[in-house]
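Residues per chain, in single letters:
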Amino acid sequence: AQRVTQPEKLLSVFKGAPVELKCNYSYSGSPELFWYVQYSRQRLQLLLRHISRESIKGFTADLNKGETSFHLKKPFAQEEDSAMYYCALSGSRLTFGEGTQLTVNP
Amino acid sequence: EAGVAQSPRYKIIEKRQSVAFWCNPISGHATLYWYQQILGQGPKLLIQFQNNGVVDDSQLPKDRFSAERLKGVDSTLKIQPAKLEDSAVYLCASSGLGEGFDEQYFGPGTRLTVT
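A.B. asks: Looking at this structure, how should I read the sheet that holds strand β8 (residues 72-74) of chain A?
C.D. replies: Paired through backbone hydrogen bonds, the strands of a sheet run either parallel or antiparallel to each other. Residue and element names in this part refer to chain A. Spatially, the 3 strands line up as an open sheet ordered β3-β8-β7, and their pairing is antiparallel. The strands lining the two open edges of the sheet, one partner per strand, are β3 (19-21) and β7 (60-61). Sheet topology note: the β3/β8 ladder contains 3 bridges and is antiparallel. Across the sheet, residue E20 finds its bridge partner in β8, namely K73.

As structure tokens, this is what we get:
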């Protein structure tokens, strides 16, 4: 079975502070992991995938197979980063975590 | 390009009634997905179509939910009869047949309230 856990439902930081959204997964095979984001009143959209190893909007995420984690990080949070963030794993199907609501305060 | 379209955007029904949702994927996308997102949870895949064939419906409650994708384009998802626990946002997504990674593009969702 595949499972994604996001331990924090809510995360609040101040503008300019570093932010880390945690994601842990369980999967018996070789996982492909993603972060999706949903801004207020917008559609769910892909933010980044681990294979691409890109930095999108200043966010990065590294797959740690030893710790089965795929945490999302940004060194300096911006107010426009406030959104709902979902970690997802693609095994037999795309499985989402429960999401973390990030609020960046001015 | 135009995004995934869904209708209606909102629906309120009483338990034991029936309801149907419609999805029009991005033009040319062969794969279509229906997700159920209950409040406070992430989206859960209900069914996946490749053209007009079902790839995965293992998480679809088949006693009350049905879906079809006639002609491999538009799709409808039906609930009959609805239960209180079906209250959720129903998301449709589509992806293409490109080589390598196929990003899923999501529609705006249909928010269903069962009273």
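Having put the structure on the table, let's press on.
A.B. asks: In this structure, what is going on with the state of the cysteines? I would like to understand it.
C.D. replies: Simply put, the disulfide is a covalent bond whose two ends are the sulfur atoms of two cysteines. Tallied over the entire structure, the rule returns 2 disulfides over all chains. The partner cysteine of C23 of chain A in its disulfide is C87 of chain A, sulfur to sulfur 2.0 Å. Torsion about the S-S bond of the C23 of chain A and C87 of chain A cystine: about -65°, corresponding to left-handed handedness. Residue C23 of chain A is found in the loop between β3 and β4 (24-26), and its partner C87 of chain A is found in strand β9 (residues 83-90); the two are separated by 64 residues along the sequence. Residue C23 of chain A shares its accessibility class with C87 of chain A, and that shared class is buried. The side chain of C23 of chain B participates in a disulfide bridge whose partner is C92 of chain B; the two sulfur atoms lie 1.9 Å from each other. Here C23 of chain B and C92 of chain B share a disulfide; its torsion about the S-S bond, -70°, makes the bridge left-handed. Linking C23 of chain B in strand β3 (residues 19-24) with C92 of chain B in strand β9 (residues 88-95), this pair joins segments that are 69 residues apart in sequence.

A.B. asks: Whenever I open this one, the nonpolar core confuses me. Can you help?
C.D. replies: One recurring pattern in soluble globular proteins: nonpolar side chains tend to sit buried together. Among the nonpolar cores identified, the biggest contains 24 residues, and W35, L72 and Y85 of chain A are the most heavily contacted of them. The biggest single contributor to this core is β9 of chain A, with 4 residues. When neighbours within four sequence positions are excluded, Y85 of chain A is seen to be in contact with Q6, L21, W35, Y36, V37, L47, F59, L72, G99, T100 and L102 of chain A. Core analysis: the second largest hydrophobic core is formed by 21 residues, I13, L32, I47 and Y90 of chain B among them.

A.B. asks: Quick question: what am I supposed to make of the interface of chain B and chain A here?
C.D. replies: Think of interface size as the accessible area that goes away when the parts come together; that is how it is often given. The interface is formed by 18 residues belonging to chain B together with 15 residues belonging to chain A. Carbon and sulfur atoms supply 54% of the area that chain B and chain A bury against each other, a total of about 1,400 Å² over both sides. Inspection of the region where chain B meets chain A yields 1 salt bridge. Linking chain B with chain A are 6 residue pairs in polar contact (both at pLDDT 80 or more). Per-class residue counts for the side of chain B that touches chain A are 7 nonpolar, 9 polar and 2 charged.

A.B. asks: Help me understand the side chain of S94 of chain B in this model?
C.D. replies: All names here are of chain B. As for its position among the elements, S94 is in strand β9. Among the polar contacts made by the side chain of S94, one reaches the main-chain amide nitrogen of I26 at a distance of 3.4 Å. At 2.8 Å, the side chain of S94 forms a polar contact with the side chain of H29. Apart from the residues within four sequence positions on either side, S94 is in contact with V4, P25, I26, H29, T31, L32, Y33, E103, Q104 and Y105.

Parameters at a glance
- Residues numbered from 1 in each chain as written.
- Chains lettered and ligands numbered in written order.
- Predicted model: local features only at pLDDT ≥ 70, side-chain atom pairs only at ≥ 80, totals over all residues.
- Heavy atoms only, no water.
- Pairing = 2+ DSSP bridges.
- Helix = DSSP H or I, 4+ residues; strand = E, 2+ residues; numbered from the N terminus.
- Disulfide = S-S within 2.5 Å.
- Buried < 20%, exposed > 50% of the residue type's maximum accessible area, 1.4 Å probe, protein only.
- Core = buried A, V, L, I, M, F, W, Y, C linked by side-chain atoms within 4.5 Å.
- Contact = heavy atoms within 4.5 Å.
- Buried area = accessible area lost by both parts, 1.4 Å probe.
- Salt bridge = Lys/Arg side-chain N within 4 Å of Asp/Glu carboxyl O.
- Polar contact = N/O pair within 3.5 Å; in protein donor to acceptor, adjacent residues only side chain to side chain.
- Nonpolar A, V, L, I, M, F, W, Y, C, P; charged D, E, K, R; others polar.

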